[in-house]
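Report on the structure
So the chains spell out like this:
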Amino acid sequence: VNGRKCYELIGRTGPCEVCATGRALAGRKREVVERFVPELDRYLECRASPILDERGEVAFIVEQLYDITDRKRTEDERRESEATARALLDAPDDVIVLLDMSGRVIDANEMATRRFGLSRENLIGMNISGLFPPDAAEVHAARLNRVAGSGSAERFEDAWEGRLYDVVFYPVRDACGAVTRIAAIARDVTERKQAEDALRRLTHDLNERVKELSALYAISRIIEQPGASLDEIFREAVMVLPSGWQYPEDAVARITVCEREFETEGFLETPWRQVSSIAVNGEMVGTVEICYLRETPEEDEGPFLRDERLLLDTVARRLGRTIERVEAAKSLQTSESQFREITQQSFDMIYTCYHDGGIAYISPAVMRILGY
């Protein structure tokens, strides 16, 4: 190889673009250059060390080549792995923070920087106690200590700046199985919780409407029983009433008509009371009452729902019309009885007939007068 150029020894026909030897000659100091050599499919590190003569001039160059392919490829793989991990961390909408055992931020994803309003460089190194109000920071520190001590993940919900988060603290273990880091992952579940709450309210309202309708249908069946007296109707109706209210286990009922009372067992008049009047032919003759035996959450009308007021008023109207119907039937029966008594004993022949259907009724005097 004596007399040959250094670049010829690695399969090249011309000097390298960045030549360590050229730099060493110019600067009279050692130079190190790393390059990929396609001709060899290897990474090489070139060290060029100038040897100076007594005048300080470069007498010759000692050039050393090292094969660093494995190291470079390992570094490339590590960088690619780190880039992949960073992309995976930044991809979700979750806030992800890696903490040491003291609560200091070691790393954070892009969503965490946006949520805390800090750059990644500023966020790393901060303690979690500096990111939250003192009371919240104290609670989070206690959770971190529990996770570190037990080695088990802890999940909880946390409200922050008007948003609701589903948070998990995961223990991160080293090769020996010891917990050395804690990963905190927070997911914004505000919209989901709002949707769940809306669904629960809708389901609750629907169930209440079903209960109210069921109670109204049951009372309608009671009222429509053929031959039932008013006392029987009121006695059965008062037992059904509590089932239509939001808290039937705490509800009692009373129907008062013309100073007569029909109550459920254990009826007690309490401050949590709802009343509707029973009117007959425009005159108030009684009331329908619902009482709660214990205090319940406030609703539209004290502890009562708006639809429960509508239900109570509907029941009161139905009972009023029932009384009117029963009294009208009694009056009609009395009138017919009086009419029949008069016609049965009259010496005159009295009859009724349809316009085109012949005689409908005729008094017994027909036998004396006409012989029929």
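A brief structural summary.

Definitions and limits used
- Residues numbered from 1 in each chain as written.
- Predicted model: local features only at pLDDT ≥ 70, side-chain atom pairs only at ≥ 80, totals over all residues.
- Heavy atoms only, no water.
- Pairing = 2+ DSSP bridges.
- Helix = DSSP H or I, 4+ residues; strand = E, 2+ residues; numbered from the N terminus.
- Axes fitted to C-alpha atoms, helices over the stretch in contact; angles between N-to-C directions.
- Contact = heavy atoms within 4.5 Å.
- Salt bridge = Lys/Arg side-chain N within 4 Å of Asp/Glu carboxyl O.
- Buried < 20%, exposed > 50% of the residue type's maximum accessible area, 1.4 Å probe, protein only.
- Expected span 1.5 Å × (residues − 1).
- Core = buried A, V, L, I, M, F, W, Y, C linked by side-chain atoms within 4.5 Å.

**Side note on the sheet that holds strand β2 (residues 42-52)**
Read across the sheet, three strands follow the order β1-β2-β3 without closing on themselves; strand pairing throughout is antiparallel. Here the strands that pair on one side only, and so sit at the sheet edges, are β1 (31-37) and β3 (58-67). Averaged over all adjacent pairs, the angle separating strand axes in this sheet is 25°, with direction ignored. Here β1 runs beside β2; their pairing, made up of seven bridges, is antiparallel. Directly across from Val32, in β2, lies its bridge partner Arg47. Against the sheet, helix α1 (residues 20-27) contacts β1, β2 and β3, and its axis sits at roughly 165° relative to β1.

**Comments concerning the pattern of salt bridges**
The final tally for this structure, using the stated rule, is 40 salt bridges. Between Asp107 and Arg120 there is a salt bridge whose closest N-O contact spans 2.9 Å. Residue Asp107 is located in strand β5 (residues 105-108), and its partner Arg120 is located in helix α4 (residues 120-123); the two are separated by 13 residues in the primary sequence. You can call Asp107 buried: its relative accessible area is 19%. The residue Arg254 makes a salt bridge to Glu263 at a minimum N-O spacing of 3.7 Å.

**Looking at helix α8 (residues 306-345)**
Taking 1.5 Å per residue as the helical rise, α8 with its 40 residues ought to reach 58 Å, and the 59 Å between its terminal C-alpha atoms agrees with that figure. Looking at the buried side of α8, the elements it contacts are α6 (190-223), α7 (230-240), β9 (251-257), β11 (273-280), β12 (283-292) and β14 (358-362).

**Describing the sheet that holds strand β4 (residues 95-99)**
As summarised here, the arrangement of the five strands in space is β5-β4-β8-β7-β6, forming an open sheet in which the pairing is antiparallel. Strands with a single pairing partner mark the edges of an open sheet, and in this sheet they are β5 and β6 (154-160). Averaged over neighbouring strand pairs, the angle between their axes works out to 25° when direction is ignored. In this structure, β4 lies alongside β5, joined through three bridges in antiparallel fashion. When the bridges of β5 are listed, Leu99 appears paired with Val105. In the packing of α6 onto the sheet, contacts are made with β6, β7 (163-173) and β8 (179-188), and the angle to β7 comes to roughly 125°.

**Observations concerning the environment of Thr180**
Structurally, Thr180 is set in strand β8. Sequence-wise, Thr180 and Leu99 are 81 residues apart; in three dimensions their C-alpha atoms are separated by 9.0 Å.

**Overview of the side chain of Glu45**
Among the structural elements, Glu45 can be located in strand β2. For Glu45, the residues in contact, after removing those within four places along its chain, are Val32, Val33, Glu34, Gln64, Leu65, Tyr66, Ile68 and Arg71.

**Notes on the nonpolar core**
Ranked by internal contacts, the top residues of the largest apolar core, which has 34 residues, are Phe234, Leu241, Trp245, Ile255, Ile278, Val288 and Leu319. Put simply, the parts of the chain that give this core at least two residues each are α6, α7, β9, β11, β12 and α8. When residues of this core are assigned to their parent elements, the largest contribution, seven residues, is made by α8. In contact with Val288, not counting residues within four places along its chain, are Leu241, Arg254, Ile255, Gln274, Val275, Ser276, Ile278, Leu312, Ala316 and Leu319. Core analysis: the next-biggest nonpolar cluster, separate from the first, contains 23 residues, Val97, Ala137, Trp160 and Val167 among them.

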